[in-house]
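Here is how the chains run, residue by residue.
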Amino acid sequence: MAGLVGLATGVAAGLAFRISEARPGYKGVPDPVQQSELPSGIAEVLSALPSSAVVLDSADRVLRASSAARAFGIVRGEELVIPELLALARHVRRDGVIRETEIEVAVRKFGPDVTSFAVRVAPLGGTGLVLVLAEDQTERRRVEAVRRDFVANVSHELKTPVGALSLLAETIADASDDPEAVRRFTGRMQKEAARLTSVIQDLITLSRIQGAEPMAEPADVDLAHVVEEALESVRMAADAKEIQLVASGTAGVTVLGDEGLLVTAMRNLVANAVAYSPERTRVSVTAAVTETTAEVSVADQGIGIPPQDLERIFERFYRVDAARSRATGGTGLGLAIVKHISTHHRGDVTVWSKEGSGSTFTLRLPRPQPRVRQSPGQDNYREAPQ
């Protein structure tokens, strides 16, 4: 922003001599206070600025306002309607000192009720004109808040098992002459170590896919094989709770993507369904296809998700029931990983849920499209997807 303001100020300074010659009192020369047109050259510079830009004359009238400034509601008609900005512009006009600040204002636009602006106000070449630049910082602040929350959550998730391991190690040292206590505490150490490993592995997976671009050349993946691998990975946990695992509609269905990532996404969905389902219930995986997409649904008969939590269920470390999630060994990253994998595949994931009736997560993935082949001496023909 500083460079762009400098550019605008420099152009204005170059025009200052011409404007200063037009002093009040000369015949046919208007008073600068009454000047209603922007000096040539300034308008071109302002049109290139990405920020909301406003030029005020010596009477605080708006000579020029960018479309962004009007869209945010900073300017209406010929008035700068944000009192903080108007007061700042008057201070700058009075002493000629460039000022910077950050403000939060309620503006009329789609999105958050309050918008954060980084503001820079500068005089334009001693002409009485003032340039006001306001850059929308709302998204940057949101990203910073998400980053802070993520670091705090990671620290908490890692601190808990590490602290437990340290405490258990001390306990074992004190109980070295009690073999039964050593075996009991060693088992708890193994459980905490497994939990720590799960958190680290999920963080590695999330980090690997979060910043990745959609695949340029995805491969054909057998959906039935992906579902089979996912079910096998949770079969032991399901058997322990006498939960029936059922798959249907996946045979012969091919999707586009990375097989390893798709297995991870499907495994996370199925594991989540098993973890939050009561004993002797059923978890089903079904597929429905169209010409362009395949929809894979994982349905359970579990506790369900409250309506207020549905919009946040895919956030990192967000848990509907934190105590139950930790008791089942969850890291709070599984559904966030599913969300990023679906985006990576140019697909999406949705959820339907009702408390007491279970949940259904649906993963939508692209299918291979017909390819046109050229056969010598024959017309083009299309090869249908497998």
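Going by the structure above, here's the rest.
Residues numbered from 1 in each chain as written. Predicted model: local features only at pLDDT ≥ 70, side-chain atom pairs only at ≥ 80, totals over all residues. Heavy atoms only, no water.

A. Representation of the overall build of the protein within the structure. In terms of regular secondary structure, the protein is built from 10 helices and 16 strands. Buried positions account for 39% of the 386 residues belonging to the protein. (Helix = DSSP H or I, 4+ residues; strand = E, 2+ residues; numbered from the N terminus. Buried < 20%, exposed > 50% of the residue type's maximum accessible area, 1.4 Å probe, protein only.)

B. View of the environment of serine 52. Residue placement: serine 52 occurs in strand 1 (residues 52–56). Overall, serine 52 belongs to the buried group, its relative accessible area being 3%. Sequence separation between serine 52 and valine 75 is 23 residues; the distance between their C-alpha atoms is 9.7 Å. The residues contacting serine 52, other than those within four sequence positions of it, are Ser66, Ala68, Ala69, Phe72, Ile74, Val132, Leu133 and Ala134. (Contact = heavy atoms within 4.5 Å.)

C. Local environment of unusual backbone geometry. Unlike most non-glycine residues, aspartate 60 shows phi in positive territory, near 65 degrees. Mapping aspartate 60 onto the fold places it in the loop between strand 1 and strand 2 (62–65). Of note in the backbone geometry, arginine 280 takes a positive phi value of approximately 55 degrees without being a glycine. If you trace the backbone, arginine 280 turns up in the loop between helix 8 (259–275) and strand 11 (282–289).

D. Geometry of helix 7 (residues 223–240). Taking 1.5 Å per residue, 18 residues should reach 26 Å; helix 7 reaches 26 Å between its end C-alpha atoms and fits that length. All buried positions along helix 7 are accounted for by Leu223, Val226, Val227, Ala230, Leu231, Val234 and Ala238. Contacts from the buried residues of helix 7 go to strand 8 (219–222), strand 9 (244–248), helix 8, strand 11 and strand 12 (293–299). For helix 7, the capping residue at the N-terminal end is aspartate 222, with a side-chain oxygen 3.2 Å from the backbone nitrogen of alanine 224. Of the residues trailing helix 7, glutamate 242 is marked for its positive phi of about 55 degrees. (Expected span 1.5 Å × (residues − 1). Polar contact = N/O pair within 3.5 Å; in protein donor to acceptor, adjacent residues only side chain to side chain.)

E. Representation of the sheet that holds strand 7 (residues 129–136) within the structure. Taken together, 5 strands build an open sheet; the order of strands is 2-1-7-6-5 and the sheet is antiparallel. Only two strands of the sheet have a single partner each, and these edge strands are strand 2 and strand 5 (99–106). Strand-to-strand twist in this sheet, taken as the mean axis angle between neighbours without regard to direction, amounts to 25 degrees. In this structure, strand 1 lies alongside strand 7, joined through 5 bridges in antiparallel fashion. Note on strand 7: the bridge partner recorded for valine 54 is valine 132. Seen against the sheet, helix 4 (residues 83–95) touches strand 1, strand 5, strand 6 (114–124) and strand 7 and runs at an angle of roughly 160 degrees to strand 5. (Pairing = 2+ DSSP bridges. Axes fitted to C-alpha atoms, helices over the stretch in contact; angles between N-to-C directions.)

F. Focus on the packing of aromatic side chains. By the definition in use, this model includes 2 aromatic pairs. A centroid spacing of 5.2 Å and a plane angle of 85 degrees characterise the contact between phenylalanine 72 and phenylalanine 117, whose relative ring orientation is edge-to-face. Linking phenylalanine 72 in the loop between helix 3 (67–71) and strand 3 (75–76) with phenylalanine 117 in strand 6, this pair joins segments that are 45 residues apart in sequence. The same class applies to phenylalanine 72 and to phenylalanine 117, which are both buried. For the pair phenylalanine 314 and phenylalanine 361, a centre-to-centre distance of 6.1 Å together with 90 degrees between the ring planes defines the contact as edge-to-face. Taken together, the residues span a long stretch of sequence, with phenylalanine 314 in the loop between strand 12 and helix 9 (322–327) and phenylalanine 361 in strand 14 (residues 358–366) at a distance of 47 residues. Residue class for phenylalanine 314 comes out buried when judged on its relative accessible area of 16%. (Phe/Tyr/Trp six-rings, centres within 6.5 Å; stacked < 30°, edge-to-face > 60°.)

G. Layout of the nonpolar core. In this structure, Leu245, Met266, Val270, Val274, Val285 and Val298 are the most contacted members of the largest nonpolar core, which totals 45 residues. A total of 9 residues in this core trace back to one element, the largest contributor, which is helix 8. Counting residues in each nonpolar core, the second largest holds 23 residues, with Val62, Leu88, Val92 and Ile103 among its members. (Core = buried A, V, L, I, M, F, W, Y, C linked by side-chain atoms within 4.5 Å.)

H. Molecular detail of the environment of valine 351. The topology assignment puts valine 351 in strand 13 (residues 348–354). Excluding residues within four positions of it along the chain, valine 351 makes contact with Ile305, Leu310, Ile313, Phe314, Thr360 and Phe361.

I. A look at helix 4. When the terminal C-alpha atoms of helix 4 are compared, their 19 Å separation across 13 residues agrees well with the 18 Å that a helix rising 1.5 Å per residue should span. Considered for burial, the residues of helix 4 that qualify are Leu85, Leu86, Leu88, Ala89 and Val92. All buried residues of helix 4 fall inside an arc of 165 degrees around its axis, so they share one side. Along helix 4, the residues that are exposed and aim more than 90 degrees away from the buried face are Pro83 and Arg94. (Arc of directions from axis to C-beta.)

J. Structural context of the pattern of salt bridges. Applying the stated rule across the entire model yields 15 salt bridges. Ionic pairing is found between arginine 183 and glutamate 180, a salt bridge with its closest N-O pair at 2.8 Å. With a gap of 3 residues between them, arginine 183 and glutamate 180 both fall in helix 6 (residues 179–210), about one helical turn apart. Look at arginine 183 and you get exposed, because its relative accessible area is 54%. Bridged by salt links that share partners, the residues Glu102, Glu104, Arg140 and Arg141 form one connected network. (Salt bridge = Lys/Arg side-chain N within 4 Å of Asp/Glu carboxyl O.)

K. Examining the packing of helix 8 against helix 10 (residues 334–344) more closely. Two elements in contact, helix 8 and helix 10, have axes whose closest approach is 9 Å; the angle formed by their N-to-C orientations is 145 degrees. Crossing hand, helix 8 versus helix 10: left-handed. Here Leu261, Leu262, Thr264, Ala265, Asn268, Leu269 and Asn272 of helix 8 come into contact with helix 10, specifically with Gly334, Leu335, Ile337, Val338, Ile341 and His344. Among the residues making up the contact of helix 8 with helix 10, the classes are represented as 8 nonpolar, 5 polar and no charged. (Left-handed = near helix turned anticlockwise from the far one by under 90°. Nonpolar A, V, L, I, M, F, W, Y, C, P; charged D, E, K, R; others polar.)

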